[in-house]
Amino acid sequence: MLTGRDGLLVEARTALVRATGAVLVGPAGVGRTALARAVVADLPPRLFREVWITATEASGEMPFGALGQLLSGGHPSLHPALVHNTVLTALRTVCGPGRTPVLVIDDAHLLDGPSAAVLLGLVQARAVRALVTARSGVPAPDAVVALWKDVGLPRLIVPALAEDAIGALAEQRLSGPVSRSTTQLLWQWTGGLPQLAVALIDHGREVGSLVRDTDQWRWRAPLAVPAQVADLLDRELDRLGRPGEDVLAALALGGPLPLSVVEAVASPELIADLEQLGLVRSEQSDDQILVRLRHPMLGAAVRRRMSPARRRRVSAALLASTPQAATRGAHAMASALWAVHAGQPVGSAELIRSASLCLYADPVASEQLARRARECGGGGPAAVTLAAALVEQSRTVEAYETLVVARREAEAVDDRGAQVTVRVALARHRAWVRREPAQAYDDLLRIRADAEAAGDVAGRAEAAAVAVVVRLFGGQAARALHDAREVLAGPPPPAGHLRVTLASVAALVLTGRTAEAARAGRAAVAAVERSGSSALPFARGMAGAALAFAELWREPTPTGPVTDPAAGRWPMSNDPLVSGLSHTAWPVFDGYAQRVSGDRAGAISRLRDAVAQQAGGEGLFRAEATGWLAITLAEDGHPDEAEAVLREHPLDMVALVPGLRPWATAAVAAAAGQRTRAARLMDEAIVVAHTSGCWLVELGYLIYAAHLDPVAGPSRYADRIAEALGHVDAERLVTAGRAVIALAGRNPTVMLEHAHRLVDLNLNGEAMRMVNEVARRSGTPASARLVVDLRTRLRATVPGDPAVTAGLTAREIQIAGIAARGLSDREIADQLVLSVRTVQTHLGRAYRKLAVTSRRELSDALRLAG
């Protein structure tokens with residue numbers, strides 16, 4: 001069964017059965033041959049018989065070479081008209097009486113001229129049905145072109161597969177779900193070409209690059225070129241000659257490059273030829289045209305066969321032809337690598353900056369550049385950059401040892417600036433790698449005091465700036481905001497200023513002042529953009545992420561940050577990626593935003609990616625990814641899986657959101673029917689958030705706690721929610737809070753008004769909870785009709801079963817559905833082969849979640865839920 005080709009299959013098969021045939025055209029690796037086999041596979045055998053001919057470069061060297069199997073006595077030197085009759089007779093003999101010959105010509109662009117003329121004559125005489133495949137972008141014999149141009153055979157373009165089709169192909173090949181990030185990588189790496197995708201999937205499973213992780217298949221290695229793909233691509237590259245391969249080598253070494261740079265390496269005609277062949281593509285980006293390889297796997301194949309001499313020569317040519325203005329963002333990193341490859345001298349400062357530029361997108365290249373910087377006398381800053389690259393590769397012990405050695409070196413030469421830099425890096429290592437933010441904060445206070453005593457203004461500011469971030473991720477947003485304002489009032493270095501500004505934006509969001517946070521976030525993004533190449537992609541990405549989080553509770557559909565799909569751990573800037581990939585949504589934000597909007601299935605998929613990505617490197621958002629995934633799984637009726645996530649990835653002391661641990665544990669307890677324990681845990685989370693000064697988080701916890709008990713919860717928490725509303729200006733969360741207060745008022749009309757407002761703000765999960773409660777309390781047919789209308793609206797926006805959205809597990813839905821039909825507990829137990837006690841337990845949980853007390857109310861609730 002072919003994936004993503006249903007429409008083409010029907011169109012091609014219809015053309016064969018009802019007309020003369022069809023021509024399938026597409027690039028190499030797109031699956032033309034597989035599609036042709038699928039087309040003829042289901043033809044009625046009593047009516048049709050296919051004869052398969054594959055044209056090759058060898059057969060194209062001689063007249064009638066492709067038709068040899070149909071010409072008894074070899075390749076006669078006959079006029080094509082005579083060969084026509086010979087071939088037709090052979091086809092009729094092979095097919096037998098009563099069956100129409102279906103002549104399948106694979107790779108018809110390789111046909112020799114005489115064979116193509118015979119094929120054309122057979123089709124024109126309507127003596128056969130023809131299914132022809134040809135490669136796009138390469139010359140084909142005139143007689144082949146005439147099939148669609150003159151004879152009128154449908155010319156069906158076989159495109160590359162879309163991302164979702166590659167995902168379906170991968171899941172079919174692996175017999176299991178595939179993570180969204182892995183699907184994105186497979187699609188981008190292969191350009192959507194199924195032949196390459198299948199080879200890469202099989203290779204990844206064989207060598208262990210594809211692993212089953214968090215219930216999904218996930219790619220956990222750099223891009224590799226399978227042997228069969230390498231052979232295929234090598235044959236393509238061998239045909240190009242040196243000039244053409246030099247162009248591909250330049251793009252493989254530098255990612256997408258401005259057209260002006262590529263034209264300095266090759267003629268415009270050669271670039272046009274390569275684009276016609278489908279090896280490169282160009283696109284408009286801002287004020288310039290960028291040229292990139294057809295897909296990153298081609299770049300990997302080019303790099304694999306690139307000799308040191310060619311690497312040196314092409315790198316030198318790129319350096320000579322690239323203007324300084326073109327080496328912005330990630331290309332500044334590429335230019336440093338070109339200099340290293342070309343054997344040209346590079347200063348340690350440039351190497352360090354270039355290593356920092358590619359730290360998160362390509363930590364291996366970052367390590368290479370940082371090590372060269374160490375060799376060039378980069379001292380403490382080079383060691384810090386090297387340690388960061390090692391941490392990103394999860395080589396944490398080696399990173400720590402690198403910093404310890406650098407500290408001794410700085411002390412030996414009494415370099416106070418290097419000492420502060422390395423000591424701060426050691427404190428960061430303690431916070432993010434050893435997960436000890438409180439102890440790291442104390443270390444930073446000592447560094448700050450020592451620098452102040454020595455009159456080291458820059459050192460003091462550097463330690464203070466990092467201390468703000470550490471305090472923020474230690475769950476102390478209000479204190480971090482206070483410290484940030486103190487630091488911003490002084491003269492910290494530019495990098496520290498930006499770091500503290502972003503921390504203050506996050507702290508403002510957590511404390512409920514989202515309007516101020518949005519203003520500060522927009523100002524930070526604008527400042528970063530004005531700084532241009534002086535800002536690292538990570539800093540620019542974090543600025544965008546901070547703004548996105550500020551707007552998340554203010555806008556129904558906030559614009560989320562993007563990332564490099566091969567890394568994914570950090571938000572990145574929108575600069576073109578040297579890897580040749582395109583940006584994708586940052587899973588941490590994307591998953592949380594989908595959870596807020598009520599799309600649990602989408603949130604779970606993205607948060608699984610986030611958990612896997614944050615497990616490595618510094619993992620700054622590890623707790624958020626893990627906690628949000630566990631909470632969403634529990635809400636979706638999977639408490640056992642949620643508990644397993646928390647057990648496998650225990651929440652530690654590094655967390656931006658205070659109270660995550662009790663919140664996640666409460667969600668699991670609630671899903672398991674332990675309502676009293678869940679309420680106690682939520683009260684604990686509320687206290688933690690209140691103590692931290694995080695009014696926005698506290699309001700969210702109060703709303704969550706109120707929904708745990710739909711009957712008494714809203715009344716219990718209404719006053720505290722009203723108090724929190726006075727400290728929070730986030731419209732979406734404020735609306736959700738007011739909806740809970742409306743629940744406490746028990747007026748169905750008012751409740752429905754709030755439910756509509758929640759839908760308008762894309763808070764569909766909250767709206768569904770409100771609708772379920774209105775359905776339980778509605779006493780009039782008019783109210784019931786309003787509920788049905790709103791449920792109909794919600795079905796278009798809330799993916800999945802509304803009963804699941806109400807919090808029922810699959811077993812609870814099954815038992816509740818049977819009970820709603822009037823069966824007794826004993827009858828249900830006998831039907832499902834369960835104990836009566838088990839049935840009663842599941843049914844009791846369903847009653848509580850749907851806020852009903854009888855089978856009649858249960859039937860109404862399930863009917864209204866869809």
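These numbers come from a predicted model, not from an experiment. (Residues numbered from 1 in each chain as written. Predicted model: local features only at pLDDT ≥ 70, side-chain atom pairs only at ≥ 80, totals over all residues. Heavy atoms only, no water.)

> Even after reading the chapter, I still don't get the sheet that holds strand 8 (residues 257–258), so can you show me in this structure?
Picture the strands of a sheet paired through backbone hydrogen bonds; they go either parallel or antiparallel. The strand order across the open sheet formed by 3 strands is 8-10-9, and the pairing between neighbours is antiparallel. Edge positions in the sheet fall to strand 8 and strand 9 (280–285), since each of these pairs with one other strand and no more. (Pairing = 2+ DSSP bridges. Helix = DSSP H or I, 4+ residues; strand = E, 2+ residues; numbered from the N terminus.)

> Please clarify how the nonpolar core should be interpreted in this entry.
One broad rule of soluble globular proteins: the nonpolar side chains tend to lie buried together. Counting 132 residues, the largest nonpolar core has Leu472, Phe473, Trp553, Trp628, Trp663, Met682 and Tyr701 as its most contacted members. Sorting elements by how many residues they give to this core places helix 33 (residues 695–708) first, with 11 residues. Sequence-distant contacts of tyrosine 701, that is, excluding residues within four places in its chain, are made with Val657, Pro658, Gly659, Leu660, Trp663, Met682, Ala685, Ile686 and Ala689. (Core = buried A, V, L, I, M, F, W, Y, C linked by side-chain atoms within 4.5 Å. Buried < 20%, exposed > 50% of the residue type's maximum accessible area, 1.4 Å probe, protein only. Contact = heavy atoms within 4.5 Å.)

> I would appreciate a short explanation of empty space enclosed by the protein in the present structure.
Under the definition given, this model contains 3 cavities of 30 Å³ or more. If you go around the second largest cavity, the residues you meet are Tyr441, Leu445, Arg448, Ala464, Ala467, Val468, Asp483 and Val487. Looking at the lining of the second largest cavity, the elements with two or more residues in it are helix 21 (437–453), helix 22 (457–472) and helix 23 (477–488). (1 Å grid on protein atoms, 1.4 Å probe; cavity = no way out; pocket = protein on both sides within 12 Å on 5 of 7 lines; lining within 4 Å. Points joined across faces, edges and corners; volume = space filled by probe spheres on them.)

> Would you mind going over the pairing of strand 4 (residues 129–135) with me for this structure?
The side chains of a regular strand alternate between both faces of the sheet. Most of strand 4 is tucked away, with 6 of its 7 residues classed as buried. Pairing analysis gives 6 bridges linking strand 1 (residues 21–26) to strand 4, with the strands arranged parallel. Paired with valine 25 across the strands is alanine 134, a residue of strand 4. Here strand 3 (residues 100–106) pairs with strand 4 via 4 bridges, running parallel. What sits directly across from valine 104, in strand 4, is leucine 131. Between strand 3 and its parallel partner strand 4, the chain crosses via helix 4 (residues 113–124), and the hand of that crossover is right-handed. (Right-handed = clockwise from strand over helix to strand, strands pointing away.)

> Is there a simple way to explain the packing of helix 32 (residues 675–691) against helix 34 (residues 713–725) in this structure?
Packed helices, taken two at a time, are described by the angle their axes make and the gap between the axes. Look at helix 32 against helix 34: their axes get within 14 Å of each other, and the N-to-C directions meet at 5°. When the axis of helix 32 is compared with that of helix 34, the two are roughly parallel. Along the contact surface, helix 32 presents Ala679, Asp683 and Ile686, while helix 34 presents Arg716, Tyr717 and Arg720. Across the contact of helix 32 with helix 34, the residue classes tally to 3 nonpolar, no polar and 3 charged. (Axes fitted to C-alpha atoms, helices over the stretch in contact; angles between N-to-C directions. Parallel < 35°, antiparallel > 145°, perpendicular 65-115°, else oblique. Nonpolar A, V, L, I, M, F, W, Y, C, P; charged D, E, K, R; others polar.)

> Just checking my understanding: could you explain the pattern of salt bridges for this structure?
Oppositely charged side chains can pair when the atoms bearing their charge come close. Enumeration according to the criterion identifies 47 salt bridges in this entry. Between aspartate 590 and arginine 606 there is a salt bridge; the shortest N-O distance is 3.0 Å. Of the two residues, aspartate 590 is situated in helix 27 (residues 587–597) and arginine 606 in helix 28 (residues 600–614); the sequence distance between them amounts to 16 residues. Relative accessible area serves as the criterion here: at 19%, aspartate 590 is assigned to the buried category. With a shortest N-O distance of 2.8 Å, arginine 595 and glutamate 635 are connected by a salt bridge. Pair noted here: arginine 595 is in helix 27 and glutamate 635 is in helix 29 (residues 622–635), with a separation of 40 residues, a long-range link. (Salt bridge = Lys/Arg side-chain N within 4 Å of Asp/Glu carboxyl O.)

> It is not clear to me how the pairing of strand 1 should be interpreted in this structure. Could you clarify?
A large share of strand 1 lies buried, amounting to 6 of its 6 residues. Every second residue of strand 1 is oriented toward a common face, with Gly21, Val23 and Val25 on one face and Ala22, Leu24 and Gly26 on the other, all of them buried. The pairing of strand 1 with strand 5 (residues 155–157) spans 3 bridges and is parallel. Bridge pairing in strand 5 places leucine 24 opposite leucine 156.

> Can you walk me through the side chain of threonine 501 in this structure?
Within the secondary structure layout, threonine 501 lies in helix 24 (residues 494–510). Owing to a relative accessible area of 14%, threonine 501 belongs among the buried residues under this scheme. Other than its neighbours up to four places away in sequence, threonine 501 contacts Leu488 and Ala524.

> Would you explain helix 41 (residues 825–832) in this entry?
Think of an α-helix as 3.6 residues a turn; residues three or four steps apart then line up on the same face. Within the sequence span of helix 41, burial applies to Asp825, Ile828, Ala829 and Leu832. In an axial view of helix 41, the angular spread of the buried residues amounts to 100°, which keeps them on one side of the axis. Seen from the buried face of helix 41, the exposed residues on the opposite side, beyond 90 degrees, are Arg826 and Asp830. (Arc of directions from axis to C-beta.)

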